[in-house]
Amino acid sequence: MAVGIFDSGLGGLTVYRAASERLPDVPFVYFGDNAHTPYGVRDADDIYELTKAGVSRLFEAGCDLVILACNTASAAALRRMQEGWVPSDKRVLGVFVPLIEALTERQWGDNSPPREVAVKHVALFATPATVRSRAFQRELAFRAIGVDVETQACAGVVDAIEEGDLILAEALVRSHVDALKRKMPNPDAAVLGCTHYPIVEDDFKAALGPDVPVFSQPALVAASLADYLERRPEMRGSGEVGMFLTTGDPQRVSDQATRFLRRRTEFHAA
Ligand code: DGL
């Protein structure tokens, strides 16, 4: 009964941590495509091929359900994968929908027509590929009307985090928040639309100021996964053991993950 978590690199560990705290009995198989990170600067075909390769590896590891923790993969590849590639006995779910349901105060599976919601001005921080895909606005339009979304493609932040340079990441976050505020001075809410960004969530909060609520995915995705597994317990899959897989250098990735999760974390070659 293993569940797969896919990310382009280390950022998905924010989702892994929240999910494993919420569901301590579920073994998770984590796949980080560290050799090809960042995805945010790649084109959609490239992201589609890389994501399929990683998800296939998770199917092989006994996962029938895979969470694409990566927003960029969710934005650029998920729909195409679900339409023609995912086998009928497997599921691949993305991270946008739980976030948008929280933002629009909807319960899971509420498919009623889009309606007016409390938030009117939303700031979206994401990778260049996610911003370009407009997937966030598309999913939002199914659920809400009259919401103005301003986007900021946060170039460089993922690389700085993957390199472990949190000082550079903080400086970049500040300049991206300033750039966003020049376009939308008073957002009602800010969305961290990349799994790497919760690692620097405090920097986003400090730069945005106390009046802007920040929607961050890990806890929302974990809650939605718990809910899904309750409704679909058969999707827990046949895998029995949790593990961490990477396409990158296992030693280096293990060291970075250990620092981030604050416990020894061993990655193996995918
Ligand atoms: N962590 C990923 C996301 O949520 C992508 C980062 C990247 O590889 O550019 O978008």
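Coordinates for the structure precede this section.
Keep in mind that this is a model prediction, so the values were computed, not measured.

Asker: Which parts of the structure should I look at to understand the side chain of Glu 139?
Answerer: Here Glu 139 shows up in helix α6 (residues 135-141). Setting aside chain neighbours within four positions, we find Glu 139 in contact with Arg 79, Val 97 and Ile 100.

Asker: Explain the nonpolar core here, please?
Answerer: Nonpolar side chains tend to gather and get buried jointly when the protein is soluble and globular. Residues Val 3, Leu 13, Tyr 16, Phe 28 and Leu 225 are the most contacted members of the largest nonpolar core, which totals 29 residues. Secondary structure elements with two or more residues in this core: β1 (2-7), α1 (13-22), β2 (28-32), β3 (63-68), α10 (217-231) and α11 (250-261). Counting residues per element, this core draws most heavily on α10, which supplies 6 residues. If you look at the next biggest cluster of nonpolar residues, it comprises 25 residues, including Val 55, Ala 61, Cys 70 and Ala 73.

Asker: Hey, could you run me through unusual backbone geometry in this one?
Answerer: For residues besides glycine, phi is generally negative; the peptide bonds are generally trans as well. Following Thr 37, the chain continues into Pro 38 via a peptide bond in cis, with omega recorded as 0°. Tracing the backbone shows Pro 38 in the loop between β2 and α2 (44-60). Look at Arg 262: it is not a glycine, yet its phi comes out positive at around 60°. Inspection of the secondary structure assignment puts Arg 262 in the loop between α11 and β12 (267-269).

Asker: Please explain the environment of Ala 270 as it appears in this structure.
Answerer: You can see Ala 270 is positioned in the segment after β12. For Ala 270, a relative accessible area of 40% puts it in the partly exposed group. In this structure, the C-alpha to C-alpha distance between Ala 270 and Gln 251, residues 19 residues apart in sequence, is 13 Å. Look past the residues within four positions of Ala 270 in its chain and what remains in contact with it is Phe 31, Arg 57, Leu 245, Thr 246 and Thr 247.

What counts, and where the lines are drawn
Residues numbered from 1 in each chain as written. Predicted model: local features only at pLDDT ≥ 70, side-chain atom pairs only at ≥ 80, totals over all residues. Heavy atoms only, no water. Helix = DSSP H or I, 4+ residues; strand = E, 2+ residues; numbered from the N terminus. Contact = heavy atoms within 4.5 Å. Core = buried A, V, L, I, M, F, W, Y, C linked by side-chain atoms within 4.5 Å. Buried < 20%, exposed > 50% of the residue type's maximum accessible area, 1.4 Å probe, protein only.

Any functional reading would require information that these geometric values do not contain.
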